[in-house]
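Fold and geometry: a report
As a plain string of letters, each chain reads:
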Amino acid sequence: MTHQLSLAELEEIEARHVLRNYARLPVAVASGADVWLHTTDGRRVLDLLCGLGVTSLGHAHPNVTMAITEQAGKLLHASNLVHLQGPVQLAERLAQSSLGGGVLFQNSGAEANEAAIKLARRHKRGGEVVSLHNGFHGRTYGALSATPQEAKQEPFAPLVGGFRAVPPTVEALETAVSDHTAAVLLETIQGESGVLPIPDDVLRAARAACDAHGALLIVDEVQSGMGRTGDMWSYEASGVVPDAITVAKALANGLPIGALITGPHLLDVLRPGDHGSTFAGNPLAAAAAHAVLDVMGDPGFLPRVREAGARLTAGLESLPDVAGVRGRGLMLAAELTPEAVERHGTTAELAGRLMTEHDVWVNAPTPTSLRLLPPLTIRDEQIDEGVRRIAAGLTAR
Ligand SMILES: *Cc1c(COP(=O)(O)O)cnc(C)c1O
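All values reported here derive from a predicted model rather than from experimental measurement.

1. Let's talk about the nonpolar core
Membership of the largest hydrophobic core comes to 83 residues, with the highest contact counts inside it found for Leu94, Leu173, Val184, Met226 and Ile390. Setting aside residues no more than four positions away along its own chain, Val184 makes contact with Val130, Leu173, Val177, Ala206, Cys210, Leu216, Leu217 and Ile218. Ranked by size, the runner-up nonpolar core spans 17 residues in total, among them Ala116, Leu119, Leu185 and Leu216.

Now the structure itself:
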């Protein structure tokens, strides 16, 4: 490694050699520890976003670091042509923690959803995939086709055929799902669209409609899974059991991994050669995921997420500029009052100033709300410090 470049130097190289795909905050991160990110100009930022729900055990968690280090010295890759103990046992653990069937590893959330869509079409050839308005399932073509958001889809038309989007209502699902439906793909809490919970009666209607027409109910747990909502999987709170779930973000605390997990009745749907991915199920990511599951397997872990979520919710609700808090566990959004939105310009600008002037990281999924996806390991005093920093940012104008 060469010496640490400054933010200005990084921006200068990026202007010449990095495609303009991302609008970045004017912050360069050098390292992280626990709930803190360390910037190259020496600031310590309280990370209440976890790189979008990924580093759920905080940065540089010692168990994860040790697992990765040990595995890196043994084997990084051997491909899916051979048996590998780490990934196989990870599949067993993931299935046993959820739907009890089979697992297909991928490398990201979008890819996990691609695999789920292929599973559904293999299960019902030519069938339609129904998703919900404001849903988000990823940026690859299949996942994007199930992501009915104009700004994300429109520039990249034509999309994949056989997708249909409906509003998240009982009636809409009852009308849209038919014998031609292969799957309903949905999030229980729509994260990217602003932490919008889908009501339980809508989830039950999706389950009933799928049962009536032989379609698969697939829950996208990419953001909401892995303890984020205070349950291991967000579907658990509703009592609705899907046929399959997709997982990614927090599964390996920062290493790329994704997984499709099915119920036992779907173990034999995909056949050898149907799908594949060179890197999927690699032993390094699997080792990290085992370490994450070990930590989350502590009987006190999920109750603590719920307790921390309640404390953070109460703290945010106590702020005069916050009109309400939605979400569950540590997957939360604070809706600002119209006056606060007016004072701050857009919430995106507010989130930018919270990051650059108040050293706390949240983001703005909608023009009127802030989203918080803090580490699930966050302590009470760190929650209180986060609320204080957000309050300071809100009262600065
Ligand atoms: C982030 C996200 C995805 C996409 O995951 P990538 O790893 O970015 O491909 C899919 N679904 C949901 C619900 C997500 O939040």
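From this point, the discussion proceeds with the structure in view.
2. Re the site of the ligand
Taken together, the neighbourhood of the ligand is formed by Ser108, Gly109, Ala110, Asn113, Phe136, His137, Gly138, Glu187, Asp220, Val222, Gln223 and Lys249. A distance of 2.8 Å separates an oxygen atom of the ligand from a polar atom in the backbone of Gly109. A distance of 2.6 Å separates an oxygen atom of the ligand from a polar side-chain atom of Lys249. Look at the ligand: alone it shows 380 Å² of surface, and the protein chains cover 81% of it. Of the residues contributing to the shell around the ligand, the split by class is 3 nonpolar, 6 polar and 3 charged.

3. Here's the deal with the layout of surface pockets
Estimates place the volume of the second largest pocket at around 700 Å³. If you go around the second largest pocket, you meet 28 residues; those closest to its centre are Asn80, Val103, Leu104, Phe105 and His275. Breaking the lining of the second largest pocket down by element, the ones donating at least two residues are helix 4 (85–97), strand 4 (103–106) and strand 12 (258–262). For the lining of the second largest pocket, the element with the most residues is strand 4, which contributes 4 residues.

4. Details of the pattern of salt bridges
Per the stated rule, a full pass over the model turns up 21 salt bridges. Here the residues in one salt-bridge network are Arg304, Glu307, Arg311, Asp380 and Asp384, joined through shared partners.

5. Considerations on the pairing of strand 13 (residues 322–328)
Strand direction decides the pairing type here: strand 13 and strand 14 (residues 331–336), joined by 6 bridges, are antiparallel. Along strand 14, the bridge assignment pairs Val322 with Leu336. From the end of strand 13 to the start of strand 14, which pair antiparallel, there are 2 residues, and Gly329 there has a positive phi angle of about 60°.

6. Topic: a negative patch on the surface
Together, Glu171, Glu174, Asp200 and Asp201 make up a region of like negative charge exposed at the surface. The set of elements that each furnish at least two residues to the negative patch consists of helix 8 (170–176) and helix 9 (200–213). Its location among the elements puts Asp200 in helix 9.

7. Observations concerning unusual backbone geometry
Note that the residue after Ala157, namely Pro158, is joined by a cis bond; omega there is 0°. Within the secondary structure layout, Pro158 lies in the loop between helix 7 (150–153) and strand 6 (163–166). Phi at Cys50 is positive, roughly 55°, even though this residue is not glycine. Note on placement: Cys50 falls in helix 2 (residues 50–53). Positive phi, close to 55°, is recorded for Asp359, a residue that is not glycine. Here Asp359 is to be found in the loop between helix 13 (347–357) and strand 15 (360–361). Since its relative accessible area comes to 19%, Asp359 is described here as buried.

What counts, and where the lines are drawn
Residues numbered from 1 in each chain as written. Predicted model: local features only at pLDDT ≥ 70, side-chain atom pairs only at ≥ 80, totals over all residues. Heavy atoms only, no water. Core = buried A, V, L, I, M, F, W, Y, C linked by side-chain atoms within 4.5 Å. Buried < 20%, exposed > 50% of the residue type's maximum accessible area, 1.4 Å probe, protein only. Contact = heavy atoms within 4.5 Å. Near = heavy atom within 4 Å. Polar contact = N/O pair within 3.5 Å; in protein donor to acceptor, adjacent residues only side chain to side chain. Areas by Shrake-Rupley, 256 points an atom, 1.4 Å probe, with all protein chains shown as cover. Nonpolar A, V, L, I, M, F, W, Y, C, P; charged D, E, K, R; others polar. 1 Å grid on protein atoms, 1.4 Å probe; cavity = no way out; pocket = protein on both sides within 12 Å on 5 of 7 lines; lining within 4 Å. Points joined across faces, edges and corners; volume = space filled by probe spheres on them. Helix = DSSP H or I, 4+ residues; strand = E, 2+ residues; numbered from the N terminus. Salt bridge = Lys/Arg side-chain N within 4 Å of Asp/Glu carboxyl O. Pairing = 2+ DSSP bridges. Patch = residues over 30% accessible without salt bridge, like charges linked within 9 Å, V, L, I, M, F, W, Y side chains within 5 Å. Lys, Arg positive; Asp, Glu negative; His and termini not counted. Charge placed at Lys NZ, Arg CZ, Asp CG, Glu CD.

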